[in-house]
Structures are given as C-alpha cells and as structure tokens.
There are 2 protein chains.
Amino acid sequence: MWAPVCQAVVLLLGPYAEVVLHDPRTDRVLGIWNPMTARQHGDPSLLGELDALDQAKQDVYGPYLKVLADGRRLSSVSAVLRDPGGEPSAVLCINLDRTPLEEAAAVLAGFAAPTVQRPEPLFEQDWVDRVQHTVGSYVRESGRRVERFGREDRLAVVGRLDEAGVFAVRRATPVVAAALKVSRSTVYALLAEHRDRRTSP
Amino acid sequence: MWAPVCQAVVLLLGPYAEVVLHDPRTDRVLGIWNPMTARQHGDPSLLGELDALDQAKQDVYGPYLKVLADGRRLSSVSAVLRDPGGEPSAVLCINLDRTPLEEAAAVLAGFAAPTVQRPEPLFEQDWVDRVQHTVGSYVRESGRRVERFGREDRLAVVGRLDEAGVFAVRRATPVVAAALKVSRSTVYALLAEHRDRRTSP
DNA sequence: CCATGTTCGGACTGTACGTCCAGATCGGAC
DNA sequence: GTCCGATCTGGACGTACAGTCCGAACATGG
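Read on for a plain summary of the structure. Note that the structure is a prediction, hence the values are computed from the model and not measured. (Residues numbered from 1 in each chain as written. Chains lettered and ligands numbered in written order. Predicted model: local features only at pLDDT ≥ 70, side-chain atom pairs only at ≥ 80, totals over all residues. Heavy atoms only, no water.)

All names here are of chain B. Between its first and last C-alpha atoms helix α4 (residues 127-142) spans 23 Å; for 16 residues at 1.5 Å apiece the expected length is 22 Å, and the two agree. Buried within α4 we find Trp 127, Val 131, Thr 134, Val 135, Ser 137 and Tyr 138. When α4 is viewed along its axis, its buried side chains cluster within an angular range of 155 degrees and face the same direction. In α4, the exposed positions that point more than 90 degrees away from the buried face belong to His 133 and Arg 140. Contact partners of the buried residues in α4: α5 (151-163) and α6 (172-179). Where α4 terminates, the next one or two residues include Gly 143, which has phi positive at roughly 80 degrees. (Helix = DSSP H or I, 4+ residues; strand = E, 2+ residues; numbered from the N terminus. Expected span 1.5 Å × (residues − 1). Buried < 20%, exposed > 50% of the residue type's maximum accessible area, 1.4 Å probe, protein only. Arc of directions from axis to C-beta. Contact = heavy atoms within 4.5 Å.)

Attention now goes to the nonpolar core. One finds Trp 127, Val 166, Val 176 and Leu 180 of chain A to be the most contacted residues of the largest nonpolar core, which totals 25 residues. Listing elements by their share of this core, those giving two or more residues are α4 (127-142), α5 (151-163), α6 (172-180) and α7 (184-199) of chain A. When residues in this core are grouped by element, the largest group, 6 residues, is from α6 of chain A. With 23 residues, the next largest nonpolar core counts Trp 127, Leu 155, Leu 161 and Val 176 of chain B among its residues. (Core = buried A, V, L, I, M, F, W, Y, C linked by side-chain atoms within 4.5 Å.)

Arg 171 of chain A together with Arg 151, Arg 170, Ser 183 and Thr 186 of chain B are the nearest of the 13 residues found near DNA strand C. Here a phosphate oxygen of DNA strand C sits 3.0 Å away from a polar atom, N or O, in the side chain of Arg 154 of chain B. Elements with a minimum of two residues in the surface near DNA strand C: α7 of chain A together with α5 and α7 (184-199) of chain B. Each residue belonging to the surface near DNA strand C can be placed in one class, and the counts come to 2 nonpolar, 4 polar and 7 charged. (Near = heavy atom within 4 Å. Polar contact = N/O pair within 3.5 Å; in protein donor to acceptor, adjacent residues only side chain to side chain. Nonpolar A, V, L, I, M, F, W, Y, C, P; charged D, E, K, R; others polar.)

In the vicinity of DNA strand D there are 13 residues, among which Arg 151, Arg 170 and Thr 186 of chain A together with Arg 171 and Tyr 188 of chain B approach most closely. Among the atoms of DNA strand D lying within 4 Å of the protein, the sugar-phosphate backbone contributes 62%. At a separation of 2.6 Å, a phosphate oxygen of DNA strand D approaches a polar side-chain atom of Arg 151 of chain A. Between DNA strand D and Thr 186 of chain A, the relevant distance is 2.6 Å, taken from a phosphate oxygen to a side-chain nitrogen or oxygen of the residue. When grouped by side-chain class, the residues that make up the surface near DNA strand D number 2 nonpolar, 4 polar and 7 charged.

Moving on: the packing of aromatic side chains. Residue and element names in this part refer to chain B. Tallied over the entire structure, the rule returns 2 aromatic pairs over all chains. On the basis of an interplanar angle of 80 degrees and a centroid distance of 5.4 Å, the ring pair of Tyr 138 and Phe 149 is categorised as edge-to-face. Taken together, the positions of Tyr 138 in helix α4 and Phe 149 in the loop between α4 and α5 put the pair 11 residues apart, joining distant regions of the chain. When its relative accessible area of 4% is taken as the criterion, Phe 149 is described as buried. (Phe/Tyr/Trp six-rings, centres within 6.5 Å; stacked < 30°, edge-to-face > 60°.)

Residues and elements named next belong to chain B. The first and last C-alpha atoms of α7 sit 23 Å apart over 16 residues, in line with the 22 Å expected at 1.5 Å per residue. Looking only at α7, the buried set comprises Val 187, Leu 190, Leu 191 and His 194. Down the axis of α7, the buried set is contained in an arc of 100 degrees. They therefore lie on one face. Opposite its buried face, α7 presents the exposed residues Ser 185 and Thr 199, each directed more than 90 degrees away. Its buried side turned inward, α7 meets α5 and α6.

Attention now moves to the sheet that holds strand β3 (residues 60-67) of chain A. All names here are of chain A. An order of β2-β1-β5-β4-β3 is seen for the 5 strands of this open sheet, with the pairing classed as antiparallel. Both outer strands of the open sheet, β2 (28-33) and β3, are each paired with one neighbouring strand and no more. Direction aside, the axes of adjacent strands within the sheet are offset by 25 degrees on average. One ladder, built from 6 bridges, connects β3 with strand β4 (residues 73-82); its direction is antiparallel. (Pairing = 2+ DSSP bridges. Axes fitted to C-alpha atoms, helices over the stretch in contact; angles between N-to-C directions.)

Right, dumping it as structure tokens:
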C-alpha cells in the first residue's frame, strides 16, 4: 500500500537516503528501500523511535540525529501512517546520509572563510554568520527558499533578528538586506511594521 | 604589461571576482576587470591596503575580509608587482565575492543540521554591562580606581573592548567614554593608538 | 617658574542611518 | 490575456552620529 511512496522518496533522494517501513504491531521491518545497513524484510525493528512516537501526540517526528556504526551521520524523520479507520498500519522512517552534505559545506566554508589573521575575537564578530544562520533556519522551517519568501516570512525573520539585537550593530542593515535578497528600503519597512505590531497588536 | 594576468583571473573566477590594478606612485587605478563597484580607470585608489603593504616586508598580502556597502562580503588578496629592476610597478588586488559561497554553505548546512528546535542563541543585549564589567575587572587587576587611571591603563581597557568588538555596535563610544570617565575625543585617540600599535608595534 | 604630555570641549566633515516617494513588479481575480 | 491592489525597488533627501582636528586647560615633574 505504501510502497510507491517509499520508492518515490528513494528515487528523489538518490543514493543517500534509506526508507524503512515498519509494522508497529509486530515491531518488524515490512520493507526497506536502498538499505544502508544490513537490515531486511522481517528483521526486528529494534527502534526506540516507536516508543517516542507512541508518547508524542503527533504523527510526524523529527528530524533527529542518528549515528551509524561506521560513523556516517543521518538525519532521520519518522511518520505514523494510518489506515482509513485511523488505526496505525505502518511507521515510515526516512534516513538521509548527511555526511556528503557536511563535507560539501566544509569545502565551501573553506573557500568562504579564508581570513589569514585570526588574532582576536573575544566576543564574536560573527554576527554576520548569525544573520545567515537565522535566515537559513527559517528557510528550513518553512520549506521555502529565500527567493520565494512572502511578506510574512520576511517579517518573521526580521523580527527574530531584531529581537536578537542584530540591528544595534553598525552596518547591519545592508547585510540583512543581502541575506534576505531584498532592498535596504524593504528591510526598514519590515522592521518598522514588526516593531509596530509589538507595541500595538 | 600585467593585463593578461588580470584577464585570465577574471575569466577563471567568473562573475564573482573583480581584479584591480593600482599604480602605487600616483595611488590611482590603472585598470579594472569585472568591476563590482563604480570605480574605474584613473580613480584614486583610496586604499589603506597600500600602506599596509608598505609596512609589511612581504609582497603578497591576505586573504583578508572586506565588506561592501551593499552587504556583499569579499575575500581579498593583494600583491606588489615589480619590474625587472625590483621597483614596484603596480599593485594587484583580487576581490572574490564570497556571498554565493556562503549561501551555498548555509543551504547545505541547513540540510545537514538535524535539530528542529528553534531556540536561537540570543545576541547579547547587555553589551553595556559588558563594558562596565571590563572596566571593573581592570580596576580590580590594577588596584587603581577609574579616576586614577593613567594613559596606559585606559589604552589597555580600550584595547580589550576593541578586541571584544564593542566598537562595532552603534552608540558604543559615548558609553565607553562615560565608563572610563573620559571624553569622547580621548576614547577615539586611545582607540587610534591601540590599533596603530597592533599593526606596527 | 617652565616643559612636557595628556585631556577637554567644541567645531567640523563625512558616512551611514532611516524616511519618503514615484515607478517597477508581482500575484491574483476576472 | 488584462486589470488591480499589494509589495518591492532605487534613488533622493534630511538627520544623526562616527570620527577628526585643534587650541586651550590641566595636570605632572623638574
């Protein structure tokens, strides 16, 4: 029943994702696509994941970190799949090997951060990274890329940055504008609206 | 004479690199390839880079960080080019826009980061307290009260604050001046001297 | 008393901050 | 497609602030 979903996900995420379908009643593996470990159909699931899912009220859980024996680091999500009657019929787990992504990120970071002198920073000058990171987090949360942000998205990000005190540091506004792919004017407009909403909702 | 080198570099680094050739005698731009700012041939170089190169014994300098007015961040290297007689005939500067690299790195890092939680490390709002604290610590170390500070004492404190990045935040200078019981002018003077000593002890 | 070194106050310049607005652009509704 | 409202843009503008400069005041020590 759920097999096409699993196949589709594996097709999309290439060789770096493993999809496992568990039977919550027998606690065994129903099926596995692109296995990264030796597990196969019929093996016990031996997953604390299921317990965690039981306790939580939500059916979708993660992403959380898992580390394989060989050191590979996985980002994992789980979901309870229910039949039309509302009863759990399967548990879906997607495990994405993030090692190659981390390596690629390290390569790019090497290009991007080559300052030859690092004599100082007691307290971080890296508020720029912080801006980048805040935007990145929101992208991940919302599932939208910066280019596809709507007004509310930008407002939310600017709000977080403001509460983080970023705009108190000099020359911060152009940096934020660049990170949001937006003009300086727009940042000021969003900032004004955000502060306005705070005081008079 | 050096033009082919510049063209080659620009060709290699695509649209993200700017190459500028300066005349160290007249302090003007000799040529510019793929300009990222409005500078053009004949404009004054207005670069502290040249001074830095004079003082250093080396001919190649960097990479160091430069931030453009629009928020783009550049990795820059400079090199003194000499004629066969050993006299400086030009200064070469290569500026690489690292923004796209940082964005790509952020995207990958976003994939690789598994945590779903939102608690961002909040930016320090209490930099004012930090200033007070820094001054207070020095008072305790030296055994002198602020009013009895000598020039070297103030210099030391300003140095620490500068390295802590305090002067990057807006309206910080008056606060520091007040904490040191000193005029704004003096803070700037001390700051200038401290930064001067850093580069040429 | 002078000499030297430091700070002060204030005037001054340039840069960056923040505002504003007319025109471009986008996203839907029809 | 065409229209319209919402939103973003780029530039111009006024202002506030960062930083510089200098003559006068004020310490120190001889």
